[in-house]
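The chain contents come next:
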Amino acid sequence: MSETFEEKIKAMKTISPEEMDKRVKEIKNVCKSFCGDCPTYTGAGETQLGFCAVGKSNLIKEKKGCLCVNCPITKAMSLRWDYYCTWKWKRTVRDLKVDMG
Ligand code: SF4
Ligand code: SF4
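> What am I meant to see in the overall build of the protein chain here?
Looking only at helices and strands, one finds 4 helices and 0 strands in the protein chain. Counting the 101 residues in the protein chain, one finds 22% classified as buried. Sequence-distant contacts in the protein chain: of pairs separated by 6 or more residues, those separated by 24 or more amount to 57%.

Printed below as a string of structure tokens:
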């Protein structure tokens, strides 16, 4: 049975901060091959990765294409959106309290 993103996030509320840090590191590592190669990211001066986990970028302003749909984290976390680098979405993988911007 496949769970929704919301169900997965709910289940993750019980994991320790150390485990969460480990998962965010893993997400960033995977993200290198997607955000890292994406036209929106390239040349924007950004070095941060894993926007679905840590929230939006302060440097990326212009949307030039998004590779999130191809990223395995999208499938693993049942993400349904894109351009995580440009908007404050309600429930990042890491911080459940980020408000919509
Ligand atoms: S979130 Fe999407 S648009 Fe933003 S850097 Fe990553 S792949 Fe590119
Ligand atoms: S879904 Fe997008 S922001 Fe999240 S790790 Fe993958 S490429 Fe990066």
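Picking up after the structure, the text goes on.
> Just to check I follow, could you spell out the site of ligand 2 for this structure?
Among the 15 residues in the neighbourhood of ligand 2, the closest are listed as Cys 31, Phe 34, Cys 52, Cys 68 and Cys 71. Mapped by element, the contributors of at least two residues to the shell around ligand 2 are helix H2 (17–31), helix H3 (51–54) and helix H4 (72–76). Across the shell around ligand 2, the residue classes tally to 13 nonpolar, 2 polar and no charged.

> How should I be thinking about the site of ligand 1 in this particular structure?
With respect to spatial proximity, 13 residues lie near ligand 1, and among them Cys 35, Cys 38, Thr 40, Cys 66 and Cys 85 are the closest. Along the lines of polarity and charge, the residues of the shell around ligand 1 split into 11 nonpolar, 1 polar and 1 charged.

> How should I be thinking about unusual backbone geometry in this particular structure?
Excluding glycine, a negative phi dihedral is what most residues carry, and trans is how most peptide bonds are arranged. Positive phi, normally seen in glycine, also occurs at Ser 78, with a value near 55 degrees. Along the polypeptide, Ser 78 turns up in the segment after H4. A tally of 14 C-beta atoms within 10 Å means that Ser 78 is categorised as partly exposed. Phi at Tyr 83 takes a positive value of approximately 50 degrees, unusual for a residue other than glycine. Turning to its location among the elements, Tyr 83 is positioned in the segment after H4. Judged by the 16 C-beta atoms lying within 10 Å of it, Tyr 83 falls in the partly exposed class.

> Is there a simple way to think about the environment of Gly 65 in this case?
Mapped onto the fold, Gly 65 is located in the loop between H3 and H4. Given 11 C-beta atoms within a 10 Å radius, Gly 65 is considered exposed. In this structure the C-alpha to C-alpha distance between Gly 65 and Tyr 83, which are 18 residues apart in sequence, comes to 8.2 Å. Setting aside anything within four residues of it in sequence, one finds Gly 65 in contact with Cys 38, Pro 39 and Thr 40.

Conventions adopted
Residues numbered from 1 in each chain as written. Chains lettered and ligands numbered in written order. Predicted model: local features only at pLDDT ≥ 70, side-chain atom pairs only at ≥ 80, totals over all residues. Helix = DSSP H or I, 4+ residues; strand = E, 2+ residues; numbered from the N terminus. Buried ≥ 20, exposed ≤ 12 C-beta atoms within 10 Å, placed from the backbone. Contact = placed C-beta atoms within 7 Å. Near = placed C-beta within 6 Å. Nonpolar A, V, L, I, M, F, W, Y, C, P; charged D, E, K, R; others polar.

Keep in mind that these numbers describe shape and distance, not what the molecule does.
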